[in-house]
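Below are the chains, spelled out letter by letter.
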Amino acid sequence: MVFCLENEEPRLPLRSAMVHFQASEVQQLLHNKFVVILGDSIQRAVYKDLVLLLQRDSLLTAAQLKAKGELSFEQDKLVAGGQLGELHNGTQYREVRQFCSGSGHHLVRFYFLTRVYSEYLEGVLEELTYGPAPDLVIINSCLWDLSRYGRCSMESYRENLERVFVRMDQVLPDSCLLVWNMAMPLGERVTGGFLLPELQPLAGSLRRDVVEGNFYSATLAGDHCFDVLDLHFHFRHAVQHRHRDGVHWDQHAHRHLSHLLLTHVADAWGVELPKRDYPSGQPFPPHEFFNYNSTEDFSMSSHLGCGPGVNFVPGPLPPPVSGPIPHGQHRGPVVHRGMPRCAPNSPYHVPRMGGPCRQRLRHSDRLIHTNKLDRQPPAHSGTWPG
């Protein structure tokens, strides 16, 4: 199922189920692509798992997941911040990492964010304007925004979400795919490093605030025709893979996340995914990865009209209401698409789309991969800048 904004054409459904990618397939999918990942420590783990999967079929270690600001990780390089500066849990913490494959065909960069929009983010956007144009941007910022910036954090978060999507719309090329990763579910007890000891009383309400923040972020991302991946929905039954701090997740969860993300990207780019049965011996078969007996309550705030256990489908930002949400609007799709999908006859087909959203091209001369992952990618004429 695909979420559709009011007065827009229906979206085509996801054409293939989630695929368990092998490293060789990820290399083909992201051949000659510049991927930018922005966000907190969860998104840093997204970056790390992608960097590892671009090189070999193995999982992150617990030590790799826990480390921050290290000078090098799996052939990548710390560009700024981290151990080059001061390691701390303040809102001014910075960490910029970059991986460039030995072949020069893959470039992945990570920027640590403590707020979804800030002067620092403007600097990042300036870098992206004058450097190589990204093909894929993956972004999330939520926990820091809602816990470290005062009493009006939710209002500020909503305003900053609108600012960041406006700026991304202005800066990113039409050929760039932006995926907003919704925040993953928190535990009942939160002890992550971002939450200072004096802020521990906020932990009880923070998990509900995250659900509300996800609602606003998904809605605004859809308004700007960006793609949304609902990780909160996907991992609601996988709490056994969440760490004891109530925030971070283990290596099996992050590989599952990578598969979800790459499946979404392949679908957006019109790439035909390999069809094969679920391989035996993998660390997270579906029947074991999820715990459907979970009793966690991710209730929405009362003014959004949702009760316990409801999976709320994002829609237009509403005024405060006292009554319940109308029947039929509670259960939404797992993946929300910002633009219609098509099944192109060639990998360079450009869908022509009307409506209020500006045209976002899924295929262009810059996207040089073939539309089947079992083919060899074409030769590259140069290497990425370091």
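See the structure shown above.
Please read these numbers as outputs of a predicted model, since none were measured by experiment.

S.K.: Would you explain the pattern of salt bridges in this entry?
M.R.: Pairs may arise between side chains of opposite charge once their charged atoms sit close together. Inspection of every chain in the model, using the stated rule, returns eight salt bridges. One salt bridge connects Glu-95 with Arg-44, and the closest N-O pair in it is separated by 2.7 Å. Here the residue Glu-95 occupies a position in strand β3 (residues 95-100), and Arg-44 occupies one in helix α2 (residues 41-53), the gap between them amounting to 51 residues. With respect to class, Glu-95 is no different from Arg-44; both count as buried. Its salt-bridge partner being Glu-70, residue Lys-48 comes within 2.8 Å of it at the nearest N-O pair. Of this pair, Lys-48 sits in helix α2 while Glu-70 sits in the loop between α3 (62-66) and β2 (77-81); the two residues are 22 residues apart in sequence, bridging distant segments of the chain. Under the relative-accessibility criterion, Lys-48 is labelled buried at 1%. Assessed through its relative accessible area of 12%, Glu-70 is described here as buried. Each of Arg-44, Lys-48, Glu-70, Asp-76, Glu-95 and Arg-97 takes part in one network of salt bridges that share partners.

S.K.: For this particular structure, what's the right way to read the side chain of Ser-153?
M.R.: Looking at where Ser-153 falls in the secondary structure, it is placed in helix α6 (residues 153-171). By relative accessible area, which is 10% here, Ser-153 ends up buried. Leave out the neighbours within four places in its chain, and Ser-153 touches Asp-145 and Leu-146.

S.K.: Help me out: how do you make sense of the pairing of strand β5 (residues 136-139) in this one?
M.R.: The two faces of the sheet receive side chains in turn, since in a regular strand these alternate between them. Of the two faces of β5, the one carrying Leu-136 and Ile-138 and the one carrying Val-137 and Ile-139 are both buried. With four bridges connecting them, strand β1 (residues 33-39) and β5 associate as parallel partners. By the bridge assignment, Val-35 is partnered in β5 with Leu-136. As paired elements, β5 and strand β6 (residues 177-181) share four bridges and run parallel to each other. Following the sheet pairing, Leu-136 is matched in β6 by Leu-177.

Definitions and limits used
- Residues numbered from 1 in each chain as written.
- Predicted model: local features only at pLDDT ≥ 70, side-chain atom pairs only at ≥ 80, totals over all residues.
- Heavy atoms only, no water.
- Salt bridge = Lys/Arg side-chain N within 4 Å of Asp/Glu carboxyl O.
- Helix = DSSP H or I, 4+ residues; strand = E, 2+ residues; numbered from the N terminus.
- Buried < 20%, exposed > 50% of the residue type's maximum accessible area, 1.4 Å probe, protein only.
- Contact = heavy atoms within 4.5 Å.
- Pairing = 2+ DSSP bridges.

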